[in-house]
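# A look at the structure
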Amino acid sequence: MSAARTIPFFNYPALFADREAELSQVILDVCRRGAYILQKDLSQFEQNLARFMGVKHAFGVANGTDAIWLGLMAVGVGHGDEVIIPSHTYIATAAAVHFVGATPVLAEIGPDHMLDPASVERLVTPRTKAIMPVQVNGRTCDMDALQAIADRHGIMIVEDAAQGLGSRFKGRCAGTFGRFGTISFYPAKLLGCFGDGGAVVTDDDAVAEKLALLRDHGRNADGRVVAWGFNSRLDNLQAAVLDYKLGTYQDDIDRRRAIAARYQARLGDLPELALPPAPDADPRHYDVYQNYELEAERRDELRAHMERNGVRTIIQWAGTPVHQFHELGFADSSLPVTDRFFTRCLMLPMNTTLSDADVDYICDHIRGFYGRAV
Ligand SMILES: *Cc1c(COP(=O)(O)O)cnc(C)c1O
């Protein structure tokens, strides 16, 4: 028996196909000008991104992982320092900490799947240099609670907002709370380009100056090398594509929030599921739904049932939170909340190419699995 529909988790060809004529024009224009590296499309995108987020400086870099790594270097995190991060994150968050010579210290998540302030508090030591919340799934952490801990101990906040572009807490954008914040433009991210891309944002002029040097061989505006640096520039071609897409990005956010509301309306009565917070559940939070990550009873059976019906789902980070990577030296850490979460979590399709009928089809099959009327 073949499924009535096939719903991919993410529709990569649609990234281009949905606006092929306009995007072709953008790409041709850049190529005809021969404007590939550090050109006006990049600086224009950086200005527009900074304005969108309400922050002073934005730097396009090669990818979201470099963004964290360069940010940490720019604020002086290094050897002997500890950085507290959630274990529920991509390995990239921990790897960036590792590669500046610091130690990633892994914390629990709370009921909303975000870094748990109580867990952070327990992990602070005299070596803690920074707390790095991850604005996972398009939601922003309770930054008041985290800032209070940081203030009490005299440590800084830096943010992995790879999944958080446009998400807000009390009106302020994810990525703008810390000394720096980072964004990823990986194709399946909220604002995706046609390859790798990332950005670091900051309000701090001194950090901005360091970032400008770090991403371009330590060269200042005159082209003179004044510091050690790397090559981690966002391609001008990607920047042009991103700048074009940023122009209508609010429409994408609106669509994601409408899909989340539809999932909530169709699935909210099932006791077997714990859904992510609904779009209007808490006036302090404005979520942009990079992902729709729920918790489900009999998760693996549900996933197989959805697969049989043509619906592709994903378990985030291929099912492994960072503290379970024993090969990387995390053998001692025990995080029971996160461990339990990873036996239950599942991401349903969440992207702007989903139709309402797709969402209904997904919900019908979930309800059917738990024996509920559709
Ligand atoms: C995607 C992602 C990154 C890394 O971004 P890349 O652009 O793929 O390097 C880092 N942290 C989180 C939470 C992410 O989701």
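### Observations concerning the domain arrangement of the protein chain
As assigned here, the protein chain comprises domain 1 (16-246) and domain 2 (249-369). For domain 1 versus domain 2, the distance between C-alpha centres works out to 24 Å. The interface of domain 1 with domain 2 comprises 34 residues on the first partner and 30 residues on the second. Between domain 1 and domain 2 lies a buried interface of about 3,000 Å² when both sides are counted; carbon and sulfur atoms form 56% of it. Interface area lost by domain 1 to domain 2 is led by Glu108, Arg139 and Leu190, which between them contribute 20%.

### Regarding a nonpolar patch on the surface
Taken together, the side chains of Tyr36, Ile37 and Leu38 present a nonpolar region at the surface, about 250 Å² in accessible area. Assignment of secondary structure puts Leu38 in the loop between helix H2 (20-33) and helix H3 (40-53). With relative accessibility at 33%, the residue Leu38 sits in the partly exposed group.

### Observations concerning the sheet that holds strand E12 (residues 285-286)
One open sheet accounts for three strands, arranged E8-E7-E12; its pairing is antiparallel. Across the chains shown, the open sheet's two edge strands, defined by having one partner strand only, are strand E8 (172-173) and E12. Inspection of the sheet shows strand E7 (residues 168-169) paired to E12 by two bridges, in the antiparallel sense. Following the sheet pairing, Phe169 is matched in E12 by His285.

Thresholds, definitions, all that
- Residues numbered from 1 in each chain as written.
- Predicted model: local features only at pLDDT ≥ 70, side-chain atom pairs only at ≥ 80, totals over all residues.
- Heavy atoms only, no water.
- Domains from an automatic or database assignment.
- Contact = heavy atoms within 4.5 Å.
- Buried area = accessible area lost by both parts, 1.4 Å probe.
- Patch = residues over 30% accessible without salt bridge, like charges linked within 9 Å, V, L, I, M, F, W, Y side chains within 5 Å.
- Areas by Shrake-Rupley, 256 points an atom, 1.4 Å probe, with all protein chains shown as cover.
- Salt bridge = Lys/Arg side-chain N within 4 Å of Asp/Glu carboxyl O.
- Helix = DSSP H or I, 4+ residues; strand = E, 2+ residues; numbered from the N terminus.
- Buried < 20%, exposed > 50% of the residue type's maximum accessible area, 1.4 Å probe, protein only.
- Pairing = 2+ DSSP bridges.

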